[in-house]
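# A look at the structure
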Amino acid sequence: MSTAVVNANSAHDSHDAEHHMPYDPMGIKIGMWLFLFTELLLFGGLFIIFAVYSHMYPREFHQGSSHLSVPMATFNTFLLITSSMTIAQSITALRTGNKKLCLSLLTFTIACAAGFLVVKSFEWGAKFHHDLYPGTEVYFALQPGESAFFSLYYLMTGLHALHVIIGGILIAVVMRAVSKGTVNQEKYAFLENAGLYWHLVDLIWIYLFPLFYLVG
Amino acid sequence: MSEAAVDKPKVNYYNAKSGIMSWLTTTDHKRLGIMYLYSLGVFFAFAVFMAFLLRLELFTPEIDVLTFGGAQAGDLYNRILTLHGIVMVFLFIVPGLPAVFGNFCLPIMIGAEDVFFPRINLLSWYCYVLGGLFAIFSIALGGPDTGWTFYVPYSTTTGHNVYVPVLAAFIVGWSSILTGLNFVTTVHRLRNKNMSWFKMPLFVWSLYATGWVQIIATPVIGILLLLVMMEKVFGIPVFDPRIGGDPVLFEHIFWIYSHPAVYIMILPAMGVVSEIIATFSRKTIFGYHFIAYSSIAIAAIGSLVWAHHMFTSGMANEARVIFSFLTFFVAVPSAVKVFNWIATMYKGSIRLSPPMVYTMMFILIFSIGGFTGLHLGALSVDIHLHDTAFVVAHFHYVMFGSAGIIFFAAMHYWFPKMSGKLYNEVVAHIAGVLFFIGFNATYFPLFIAGYLGMPRRYASYLPEYEFYHKFSTIGSWVMIFSMLLMFGNLIYAARKGKKSSDNPWGGATLEWHTSSPPPTLNFDKLPDDIPGSYDYPLEVVK
Ligand code: HEM
């Protein structure tokens, strides 16, 4: 869904020849900001649930948290922050006309995204190995509250991982547009929007990381 | 024949291209408005048919109509009730005015060629239709029986399939978000440079406020529906008490969206009312700024009253008092609008054309709906009235009798613009009056039955309520007949109606300054000097 949104933004200037609305990067970005706002609210619902439950079950949340792997999550945090930096740099690169640098920075960003997902799958895999996921006997044997913690853990990090995947695809689409030249030194709102989206993915992780792994 | 050849119609958005593909791939906001109108019409007719069955079942105290298919007694009623609610809320009244008339009129009214993101607009339509098809498709799987509110734990434990309609609502939610996002951006970026904020027609103001509510509220229900699906499909419980979950939290989050959603329904309707009343009273709207700001006030305060749906669900007393107070408070800006409309009509040169008559019915029905809302917002009274037929009557008065009738009024108001044809006004008047009678006959008895204790969502009832239910069912027949008449009249006019002039009502907003139907890019030539939205020329237009 979000790919389509950002995409359509970029298509704004080139659609039906019969319309001749001017290219308006400001408007395109307003649209993107509004969209990001909805994404924040989407996660916001989950954060509310997290807040309520952790208030109800502080001890159980603490216990749940102790099962999670801090080193893996820290490494992932590092990957995402780095990638956020490289995508920001890629915009500057394109604006100064360095298309090649822009493309390699974007490639690096995608590599970070992929790395994040690989680490995440190891992390989840380890839990699955111990049957620690909703529906199993192990899960229902947990204290009420601790099991709620794990439900939220899978839902929130899962939804976030989905956003990482979408973001990665989005960046790939932008890369194609950059190499074809439809996104270029003059018209780069699409790239900026992809950057905004990627920063959002990063930002949400910056909240998930302490909430799940550190605060407990 | 030869005459018709000489009088060849101008090229307009409707005849500029032809063929089904030209419609399915169009990014023209006017064509999308028409496509929404048709698809909305189909879903509405479907849900009305469901309602017809419900009322038929309630004709007698026993369960004797909805018994086919070997279903358990009352089960079929629950499922039909749920589908009726889902389709009416998510597919008719929430998208209704913005998707159809907002799409058609908003860009024209601000002197633009299209919305800011035309392709997203098309995507939004596909989301809408896809969601609608899922909703209808869920019947094939037996249909959900939870009521349109999908309350847990029932929705996650019932044997009936729930995830298909939940998915439907989720997808339609995206359509709603995308439309809101598009409108807000459009108003910011594409207003004609001579149209300042306070020159904008009030319908545009209300669409702008609605757009914000759509953006702010819809994601919240999106995530909630996603959670229900996750629990149903993947077995990841969140609200399940067995894992320490809290079902009341579900209700909170549900109403954090769904209460603002009632403002998504009513705000655009209020905008249309302002347009119609000004046009047919030929007077500048009274208190333009108040009306504009009260839309924003409603959108803001309306986001803070959700828990008045949950006075009996278990909540701290302090919280209940606060929510009750805020509920009373939100009535203030609504009342401001009503007074402004009446003041606009005062000493106006009123013409009782069908849109105006419908709008006057709206004011009456909306007042009843609003006042009964105050009953429900009062804590002590609500404990008695909660989950009774009184609530059913109240929300039909607000959603159907107010937002719904304004949908009909808008259809009659912009019909000449959209189709370039005129309809038979006498038939439209008869249909309107019949609707008014039928509507009140259907729902007013429910206020009384509810007050006397008739619960909602029941297929059978005690004999002492029989009179009210019989009355109501007969009223529903009158109402359904009146709608058939109304739509029949318009469909006939779209094919065979007389040609309309560009400005049959003497309106002052920009859409009346272009031809009927408008050309593809909305204006052959934009007026140099954008007129005030409510500056009517002094001489009376015939
Ligand atoms: C022909 C017109 C209509 C008739 C005869 C009708 C009748 C009914 C009836 C009999 C019920 C069930 C009440 C109960 O058993 O508790 C109902 C429920 C409902 N109706 Fe309508 N209705 C009509 C139009 C509408 C419209 C236009 C809307 C929305 C805009 C709407 C929204 C709802 C909702 C939300 C429910 C509640 C469903 C639930 O409890 O989950 N109806 N209606």
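These numbers come from a predicted model, not from an experiment.

What follows concerns the interface of chain A and chain B. Listed by partner, the interface residues are 44 residues for chain A and 44 residues for chain B. Summed over both sides, the interface of chain A with chain B buries roughly 3900 Å², with 77% coming from carbon and sulfur. Linking chain A with chain B are 1 salt bridge. There are 6 residue pairs in polar contact (both at pLDDT 80 or more) connecting chain A and chain B. Within the residue set of the side of chain A that touches chain B, elements represented by two or more residues are helix 1 (2-11), helix 2 (25-56), helix 6 (137-141) and helix 7 (146-180) of chain A. In terms of residue count, the dominant contributor to the side of chain A that touches chain B is helix 2 of chain A (17 residues). A per-class count over the side of chain A that touches chain B returns 27 nonpolar, 14 polar and 3 charged.

Another aspect to go through is the pattern of salt bridges. Residue and element names in this part refer to chain B. Taken as a whole and assessed by the stated rule, the structure comprises 8 salt bridges over all chains. In this structure, the salt-bridge partner of Asp75 is Arg79, at a minimum N-O distance of 3.0 Å. With Asp75 and Arg79 both in helix 4 (residues 75-93) and 4 residues apart, this pair spans about one turn of that helix. In this structure Asp75 comes out as buried when scored by relative accessible area, which is 12%. Overall, the relative accessible area of 16% leaves Arg79 in the buried class.

A cluster of nonpolar side chains, Phe37, Leu40, Ile81, Leu203, Ile206 and Tyr207 of chain A together with Ile216 of chain B, forms an exposed patch at the surface whose accessible area comes to about 600 Å². Only helix 2 and helix 8 (189-214) of chain A provide two or more residues apiece to the nonpolar patch. When residues of the nonpolar patch are assigned to their parent elements, the largest contribution, 3 residues, is made by helix 8 of chain A. Considering the arrangement of structural elements, one finds Phe37 of chain A in helix 2. Judged by its relative accessible area of 32%, Phe37 of chain A falls in the partly exposed class.

Looking now at the site of the ligand. Residue and element names in this part refer to chain B. Around the ligand sit 24 residues, and of these Tyr77, His84, Trp148, His396 and Arg457 come closest. Note that a nitrogen atom of the ligand is positioned 2.8 Å from one of the side-chain N or O atoms of His84. Arg456 places a side-chain nitrogen or oxygen 2.9 Å from an oxygen atom of the ligand. Secondary-structure elements contributing two or more residues to the shell around the ligand are helix 3 (29-57), helix 4, helix 15 (389-419) and helix 17 (466-496).

This paragraph deals with the environment of Gly64 of chain A. Residues and elements named next belong to chain A. Assignment of secondary structure puts Gly64 in helix 3 (residues 58-66). For Gly64, a relative accessible area of 0% translates into the label buried. Sequence separation between Gly64 and Leu142 is 78 residues; the distance between their C-alpha atoms is 9.3 Å. Setting aside residues up to four positions removed in sequence, Gly64 forms contacts with Glu146, Phe149 and Phe150.

Residue and element names in this part refer to chain B. There is about 1300 Å³ of room inside the second largest pocket. Every residue lining the second largest pocket is counted, 43 residues in all, and those nearest its centre are Tyr38, Phe415, Ser419, Leu490 and Ala494. Breaking the lining of the second largest pocket down by element, the ones donating at least two residues are helix 3, helix 15 and helix 17. The element that contributes the greatest number of residues to the lining of the second largest pocket is helix 3, accounting for 11 residues. Residues belonging to the lining of the second largest pocket are distributed by class as follows: 29 nonpolar, 7 polar and 7 charged.

Another aspect to go through is the confidence of the model for chain A. Summary statistics for chain A give a mean pLDDT of 88 and a share of 90% for residues scoring 70 or more. Confidence drops under a pLDDT of 50 for residues 1-18 of chain A, and excluding neighbours within four residues, the segment shows 46 contacts in the predicted structure.

Quick notes on the rules
Residues numbered from 1 in each chain as written. Chains lettered and ligands numbered in written order. Predicted model: local features only at pLDDT ≥ 70, side-chain atom pairs only at ≥ 80, totals over all residues. Heavy atoms only, no water. Contact = heavy atoms within 4.5 Å. Buried area = accessible area lost by both parts, 1.4 Å probe. Salt bridge = Lys/Arg side-chain N within 4 Å of Asp/Glu carboxyl O. Polar contact = N/O pair within 3.5 Å; in protein donor to acceptor, adjacent residues only side chain to side chain. Helix = DSSP H or I, 4+ residues; strand = E, 2+ residues; numbered from the N terminus. Nonpolar A, V, L, I, M, F, W, Y, C, P; charged D, E, K, R; others polar. Buried < 20%, exposed > 50% of the residue type's maximum accessible area, 1.4 Å probe, protein only. Patch = residues over 30% accessible without salt bridge, like charges linked within 9 Å, V, L, I, M, F, W, Y side chains within 5 Å. Areas by Shrake-Rupley, 256 points an atom, 1.4 Å probe, with all protein chains shown as cover. Near = heavy atom within 4 Å. 1 Å grid on protein atoms, 1.4 Å probe; cavity = no way out; pocket = protein on both sides within 12 Å on 5 of 7 lines; lining within 4 Å. Points joined across faces, edges and corners; volume = space filled by probe spheres on them. pLDDT = per-residue confidence, 0-100.

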